[in-house]
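Structural overview
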Amino acid sequence: MTQDASFNPFAMARSQFDKIADLLALDQGTRDFLRSPQREYHFTIPVRMDDGQVQVFQGFRVQHNDARGPAKGGIRFHPQETIDTVRALAMWMTWKCAVADIPLGGGKGGVICDPHNLSAREQEAICRGWIRQLARNIGPVADVPAPDVMTNPQHMLWMLDEYEVLSGGHYPGAITGKPVGMGGSLGRTEATGYGVIYCLREALVELGIDPAATTASVQGFGNVAQYAIDLYHQLGGKVVCVSSWDQAEQTTFAFARPEGVDLAELRGMTDRFGGIDKGKTEAAGYTVLPGDKWIDQEVDILIPAALENQITSENVGRISAKVKIIAEGANGPTTPGADKVIAERGIFVIPDFLANAGGVTCSYFEQVQCNMNYFWEKDDVLSRLDNKMTAAYHSISRLAAKRKLYMRDAAYVVAIDRVAAGCRDRGWV
Ligand code: NAD
C-alpha cells in the first residue's frame, strides 16, 4: 500500500496467476473461477466518536477461495486500503496456504481508517462493528480472520468477544492472533522469521553451502527480520548489514558491522514499530549508510523483510555478484521486472509466499489448539512448524529441479495445482 496510484496489486496477482495457468494448461472454467474471489463483502461501520459525532468507516472482507478449507487471512486497518489490495492479498493467501499444505483457503479484510488518529475505544467500536456486519459469514468453519497491518492481538480479542456474544458460545478458533493466555499460540511471534530461516537452511544444504561460512544483509528490523536474524545467527551465519526506519528523522538508513551485528544490543535500541535511532547505532560503532545500501552489500544472502516493492528494475543491477540466495521475508518485495533479472542471473530465490508462510502455519496451529482446547509448549509448536516448512520447501524445490523451473514459478505451480484440484474434486469446475 505504499505503491503509486498506477500500481494495481490485483492486476499483478491476476497476471501472475495467468502465467502459471498457461504453464499448467488449466481449462477456461477453472481459470475464470480462480481469477476472481468467490465472495466479497462491502459494508459500512458507523462509530460514535469520542467527540460525540458519528463517523462512518468502510469495511471489506474478501474470500478468494475455500476449496481446501475455511478462508484464512488478516484484517488491515489502513487509510489507503482499497478493495483491489484486499482482493490481491486474499488471492495470495489462497496460494500461501496451499504451498504450506494446510487445510485452509484464502481471505483478507480491511477497514479504511488510520489507527494513529483513533482512541482505543474508537478502535474497539470499529472491531465490534466489523464483526457485527460479518458474523454470519465468518467463523471457525467458514473464514478465520487474523491480524495484519496496524491490527494486533487486542483487536483480535475484541473481535472474538463480539463474535462469541453474537454466537452465544465460546468459539476461540474463529479468530487467530489472539494474546497468549486468551487463546493465542506460543511461538507465533517467532513463526514468520523462523520459517524464513527453516527454508534458507534447507536451501543452503541443497546448494552445499555451510551456513557458518555465510554472511547476510537484511532489510527491516521488525518482527520478521528480528526473528530471522535470531535463527540465522543460531545456524552460525553472520548478518553484517541491516536497513531500517528512523522515526525521529522520518528516513531509512542502513548500518553495517563486518564482524556481525549484535541482535540483543540492537533490540535494546528499537521502538515497538521496529524503528531504530540512527545516532544510537552510530554510537555503538556501526557504520551508518544510506537506507538503500542494504542491497549492494557483498554478502551471500539477501533477506528483504520490510515492505513490498523494494527490489526493483532500478536497483536490481546493484546486487553483488557474490549473492547466491534471496530469501523473501516480506510480502511482494520484488517487482516482476527485477524478478526477471534475478532469474536470469541464476540467484536462488525463496519466494515470499513460501518463505513467510510460517506465520499462517502457526495461525493454523493456533486454530487447531483452540478447537482442541489444549495448548502446546513452545518447543512443540516450533518443531511442528519446522516440519511443515521443511516439507513445503522440499515439495517446491523438488518440482523446480524436476521441471527446471524458477523457484517462484515452481511454488505457484504447486499452489495453483493443489487449489485447482480441490475445486475439481468438489465438482465446482
Ligand atoms: P514490522 O512492522 O514489524 O517491521 C517492518 C520493519 O521494516 C520495521 O523495522 C521498519 O522500521 C522497517 N521499514 C519500514 N520501511 C522501511 C524502509 N523503507 N527501509 C527499511 N526498513 C523499513 O513488520 P513485520 O511484521 O516484520 O512484516 C514485514 C514484512 O513481512 C511485511 O511485508 C509483511 O507483510 C510480511 N509478513 C509478515 C508476517 C508476520 O507474521 N509478521 C507474515 C507474513 C508476511
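Presented here is a report on the structure given in the accompanying data block. Along every chain, residues carry numbers that run from 1 in the direction the sequence is written. Local features in this predicted model are restricted to residues whose pLDDT is 70 or higher, and side-chain atom pairs enter the listing and the counts only when it is 80 or higher, whereas totals over whole chains, interfaces and linings include all residues. The side-chain values count all of the structure's non-hydrogen atoms but skip hydrogen atoms and water molecules.

1. Comments concerning the packing of helix H6 (residues 188-207) against helix H12 (residues 358-372)
Throughout, an axis means a line fitted to C-alpha atoms (over the contacting stretch in the case of helices), and angles, computed between N-to-C directions, take values from 0 to 180 degrees. Secondary structure is summarised from DSSP: a helix means a run of H or I of at least four residues, a strand means a run of E of at least two, and numbering begins at the N terminus for each. One can describe the packing of H6 onto H12 by two numbers: an axis separation of 7 Å at closest approach and a directional angle of 145°. Like other packed secondary-structure pairs, H6 and H12 cross with a definite hand, here right-handed. Note on element contacts: H12 touches H6 through Gly 358, Gly 359, Cys 362 and Ser 363, opposite Arg 188, Ala 191 and Thr 192. When its residues are assigned to classes, the contact of H6 with H12 shows two nonpolar, four polar and one charged. The crossing is said to be left-handed when, going from far helix to near helix, the turn is anticlockwise and less than a right angle, and right-handed when the turn is clockwise. Note on definitions: a residue-residue contact is assigned when non-hydrogen atoms from the two residues lie within 4.5 Å. Classification used: nonpolar for Ala, Val, Leu, Ile, Met, Phe, Trp, Tyr, Cys and Pro, charged for Asp, Glu, Lys and Arg, polar for all others including Gly.

2. Concerning the site of the ligand
For this description, a residue counts as near a given molecule or strand if any of its non-hydrogen atoms is within 4 Å of it. Surveying the vicinity of the ligand reveals 23 residues, the closest of which are Thr 192, Phe 221, Gly 222, Val 224 and Gly 274. The term polar contact refers here to a pair of N or O atoms within 3.5 Å; inside protein, the definition further demands a hydrogen-donor-capable atom paired with an acceptor-capable atom, and it admits residues adjacent in sequence only when both atoms are side-chain atoms. Note that an oxygen atom of the ligand is positioned 3.2 Å from one of the side-chain N or O atoms of Ser 244. Method for areas: the Shrake-Rupley scheme with a 1.4 Å probe, in which residue coverage is limited to the protein chains shown. Considered on its own, the ligand offers 830 Å² of accessible surface; in the complex 76% of this is hidden by protein. Every element with two or more residues in the shell around the ligand is listed here: H6, helix H7 (223-234) and strand E7 (238-246). Counting residues per element, the shell around the ligand draws most heavily on E7, at three residues.

3. A closer look at the sheet that holds E7
Spatially, the seven strands line up as an open sheet ordered E9-E8-E7-E6-E10-E11-E12, and their pairing is mixed. Pairing within the sheet leaves two strands with one partner each, and these edge strands are strand E9 (287-290) and strand E12 (348-350). Going from strand to strand, the sheet's axes swing by 20° on average, the running direction of each strand aside. Paired strands are those between which DSSP finds at least two bridges. The sheet contact formed by strand E11 (residues 325-327) and E12 spans three bridges and is parallel. If you follow Ile 325 over to E12, its bridge partner there is Phe 348. Where H7 meets the sheet, its contacts fall on strand E6 (215-219), E7 and strand E10 (301-304), and the angle it forms with E7 comes to roughly 170°.

4. Looking at the packing of helix H3 (residues 83-99) against helix H14 (residues 407-425)
Running from N to C, H3 and H14 cross one another at 95°; their axes reach a closest spacing of 8 Å. Between H3 and H14, the angle is such that the two are roughly perpendicular. Listed contacts from H14 to Trp 92, Thr 94, Trp 95, Ala 98 and Val 99 of H3 are Ala 411, Tyr 412, Ala 415, Ile 416, Arg 418 and Val 419. Classifying every residue of the contact of H3 with H14 by side-chain character gives nine nonpolar, one polar and one charged. The cut-offs work like this: below 35 degrees is roughly parallel, past 145 is roughly antiparallel, 65 to 115 is roughly perpendicular, and the gaps in between are oblique.

5. Topic: the packing of aromatic side chains
In this analysis, rings of Phe, Tyr and Trp, with Trp reduced to its six-membered ring, are considered paired at centre separations within 6.5 Å, and the interplanar angle assigns stacked below 30 degrees, edge-to-face beyond 60, and tilted for intermediate values. One pass over the structure, following the stated rule, counts 11 aromatic pairs. Measuring from ring centre to ring centre gives 6.2 Å for Phe 43 and Trp 130, while their planes differ by 70°; the resulting arrangement is edge-to-face. Of the two residues, Phe 43 sits in strand E1 (residues 39-48) while Trp 130 sits in helix H4 (residues 120-134), which places them 87 residues apart along the sequence. Neither Phe 43 nor Trp 130 differs from the other in exposure class; each is buried. Relative accessibility under 20% of the residue-type maximum defines a buried residue, over 50% an exposed one, and the middle range a partly exposed one, all with a 1.4 Å probe and only protein chains included.

6. Focus on the side chain of Gln 367
Along the chain, the position of Gln 367 falls in helix H12. Look at Gln 367 and you get buried, because its relative accessible area is 6%. Within polar-contact distance, the side chain of Gln 367 engages the backbone oxygen of Gly 173 at 3.4 Å. Apart from the residues lying within four places of it in its own chain, the contact partners of Gln 367 are Leu 104, Pro 140, Val 144, Gly 173 and Thr 176.

7. Looking at the nonpolar core
Buried Ala, Val, Leu, Ile, Met, Phe, Trp, Tyr and Cys residues that are joined via side-chain atoms within 4.5 Å together make up what is termed a nonpolar core. Ranked by internal contacts, the top residues of the largest apolar core, which has 84 residues, are Trp 95, Ile 350 and Leu 354. Ranked by the residues each element gives to this core, the list is headed by H14, at 11 residues. Reported domain spans reflect what an automatic or database domain assignment gives. Both of domain 1 (39-171) and domain 2 (190-350) provide at least three residues apiece to this core. The residues touching Leu 354, leaving out its near neighbours within four places in the chain, are Val 99, Cys 199, Met 389, Ala 392, Tyr 393, Ile 396 and Met 407. Within the second largest apolar cluster, 25 residues are counted, among which are Tyr 41, Cys 127, Leu 134 and Ala 174.

The values are spatial; any link to function lies outside them.
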